[in-house]
Number of protein chains: 2
Amino acid sequence: MNTVIEQLKSHRSVRKYKEKTISSEVLDQILEAATMASSSGNMQAYSIIVTEDEKMKEKMFKAHFEQSMLMEAPVFLTFCADFNRMRRWLKIRDAANNFDNFMSFMIGSIDAILASQNAAIAAESLGLGICYMGTTLASSTELSEILELPENVIPVVGFSLGYPDELPEKRKRLPIEGIIHKEKYQQYPFYEIAKIYEEKEREGMKRYQDVGIENLAKVYTEYKYTEESHIKYSKDLLGLLEKQRFLN
Amino acid sequence: MNTVIEQLKSHRSVRKYKEKTISSEVLDQILEAATMASSSGNMQAYSIIVTEDEKMKEKMFKAHFEQSMLMEAPVFLTFCADFNRMRRWLKIRDAANNFDNFMSFMIGSIDAILASQNAAIAAESLGLGICYMGTTLASSTELSEILELPENVIPVVGFSLGYPDELPEKRKRLPIEGIIHKEKYQQYPFYEIAKIYEEKEREGMKRYQDVGIENLAKVYTEYKYTEESHIKYSKDLLGLLEKQRFLN
């Protein structure tokens, strides 16, 4: 096992940070590594918003469901699918705009997410810690207003970034047999499902014991992710895609 | 600059591969590194299909627009948003299924893409090369049939994987000033757009000189990505999301 794989395998989300700020040299290294990620047709259809200002964090706090990492970390990075810049370039070069559609939103999202993971890995290699926050997408409408995103720009993923003040346990992952399919998708037989989720259930029930729900599956559906909330996020996001010209 | 960042910054897509096969030990290391990527709520809502069989590659060839990398590389990995496994687990644990909606498709896609980038970086650290193929999403309907994907599973990204038989030039990326926004999105003034795209235009016009189109922006819109094709992909993908229960 080489050092890169060792690093990837030792990833954990960090939610507590030291007060230490991040120098602009360190941040630039992280951002430059982000831009070297693969990108569809080398279009780089994404932008990164860097949040360091306390007042901006306060504005974003509610949209991020008041999660402490946002306020604790010196930096928050928001990765957006972005065809706005591309569109302006096409305009000055007298080229048509072919990107007001759903496929382009997905291409921009993929570019943004690949860049974000490069940034996360670069950050961890420099001794920093990160925590992705799914609220970036769940609250994409509110965040678009706060960050003043124009047409053709959607926040997709984001993470807090800082020097770790904790070393959490590594989270259990499904065994690779539970993730991998050879040649064709093999639907998991029910008797194997229990085995695949066994370790995760054991860990999860420890993690969520105070919630008082009988099993981890129900923790997910009754406590963490209700149908009502997911239908709302879906509706909000589809509405935002429409507004930002990404739903044709 | 440390070795991890050095590796990230030296990424290039590799399209020509040696005949050398990939051992199962090496492949497992790559796949295990993939599973350690961040994942929304640690749900790991994705699956990875490993293609090594020549006959399967032949079946996928047309869907991948007959790109040679698929046939040349010993392995192709398809990363799918997958709530099917989760759903079966919820079922045996008597939990509701809250994930038949667009938000869940996006969560699964993000998980799949983060895992794919971990796999790509692990592979490169072991001396292998990769090339992401956007056709995975453009042809998601055809590939779903070939790979026999059940409900709640959508192919999102994929790449060819093998030992490099070329070392292509590194592609030019936009300068970070063209990607980064401090605190709020600043729409790029037109006079700056030309500067941001300058190097890319120079490189692109060399790369596409034989196409005979006057500028790189038009190469994108008249040659590489037509409006017609993007509208078709969008329609296909939205149709597939509907069919796979991801459009509520």
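Residues numbered from 1 in each chain as written. Chains lettered and ligands numbered in written order. Predicted model: local features only at pLDDT ≥ 70, side-chain atom pairs only at ≥ 80, totals over all residues.

Undergrad: Tell me what's going on with the environment of Asn 84 of chain A, and back it up with residues and numbers.
TA: Relative to the helices and strands, Asn 84 of chain A is located in helix H5 (residues 84–92). Considering only alpha carbons, one finds Asn 84 of chain A and Tyr 46 of chain A, 38 residues apart in sequence, at a separation of 9.0 Å. Once residues lying within four places of it in the same chain are set aside, the contact partners of Asn 84 of chain A are Pro 150, Glu 151, Asn 152 and Val 153 of chain A together with Gln 187 of chain B. (Helix = DSSP H or I, 4+ residues; strand = E, 2+ residues; numbered from the N terminus. Contact = placed C-beta atoms within 7 Å.)

Undergrad: So what's going on with the packing of helix H6 (residues 102–125) of chain A against helix H6 (residues 102–125) of chain B? Which residues, and what values?
TA: Running from N to C, H6 of chain A and H6 of chain B point in directions that differ by 55°, and their axes come no closer than 9 Å. By the angle between their directions, the pair H6 of chain A and H6 of chain B is classed as oblique. H6 of chain B is crossed by H6 of chain A, and the crossing has right-handed handedness. Note on element contacts: H6 of chain B touches H6 of chain A through Ile 110, Ile 113, Leu 114, Gln 117, Asn 118 and Ile 121 of chain B, opposite Ile 110, Ile 113, Leu 114, Gln 117, Asn 118 and Ile 121 of chain A. Its residues placed into classes, the contact of H6 of chain A with H6 of chain B shows eight nonpolar, four polar and no charged. (Axes fitted to C-alpha atoms, helices over the stretch in contact; angles between N-to-C directions. Parallel < 35°, antiparallel > 145°, perpendicular 65-115°, else oblique. Left-handed = near helix turned anticlockwise from the far one by under 90°. Nonpolar A, V, L, I, M, F, W, Y, C, P; charged D, E, K, R; others polar.)

Undergrad: So what's going on with the sheet that holds strand E2 (residues 75–82) of chain B? Residues and values would help.
TA: Here we have five strands laid out as an open sheet, ordered E5(A)-E1(B)-E2(B)-E4(B)-E3(B), and mixed in their pairing. One side of each edge strand has no neighbouring strand; the edge strands of this open sheet are strand E5 (180–182) of chain A together with strand E3 (129–132) of chain B. Neighbouring strand axes in the sheet, compared pairwise and without regard to direction, differ in orientation by 25° on average. Relative to strand E4 (residues 153–162) of chain B, E2 of chain B runs antiparallel, the two being bridged by eight bridges. Looking at the pairing, Leu 77 of chain B lines up with Phe 159 of chain B of E4 of chain B. Contacting strand E1 (46–51), E2, E3 and E4 of chain B, H6 of chain B crosses the sheet at an angle of about 155° to E2 of chain B. (Pairing = 2+ DSSP bridges.)

Undergrad: Could you give an account of the interface of chain A and chain B, with specific residues and numbers?
TA: At the junction of the two partners, chain A supplies 97 residues and chain B supplies 97 residues. With 13 residues, the top contributor of residues to the side of chain A that touches chain B is H6 of chain A. Residue classes in the side of chain A that touches chain B are distributed as 51 nonpolar, 30 polar and 16 charged. Taken together, the three bridges between strand E1 (residues 46–51) of chain A and strand E5 (residues 180–182) of chain B define a ladder with parallel strand orientation. Paired with Ile 49 of chain A across the strands is His 181 of chain B, a residue of E5 of chain B.

Undergrad: Break down the sheet that holds strand E3 (residues 129–132) of chain A for me, with residues and values.
TA: Across the sheet, which stays open at both edges, the five strands sit in the order E3(A)-E4(A)-E2(A)-E1(A)-E5(B) with mixed pairing between neighbours. Among the strands making up the open sheet, the edge pair consists of E3 of chain A together with E5 of chain B. When the angles between neighbouring strand axes are averaged without regard to direction, this sheet yields 25°.

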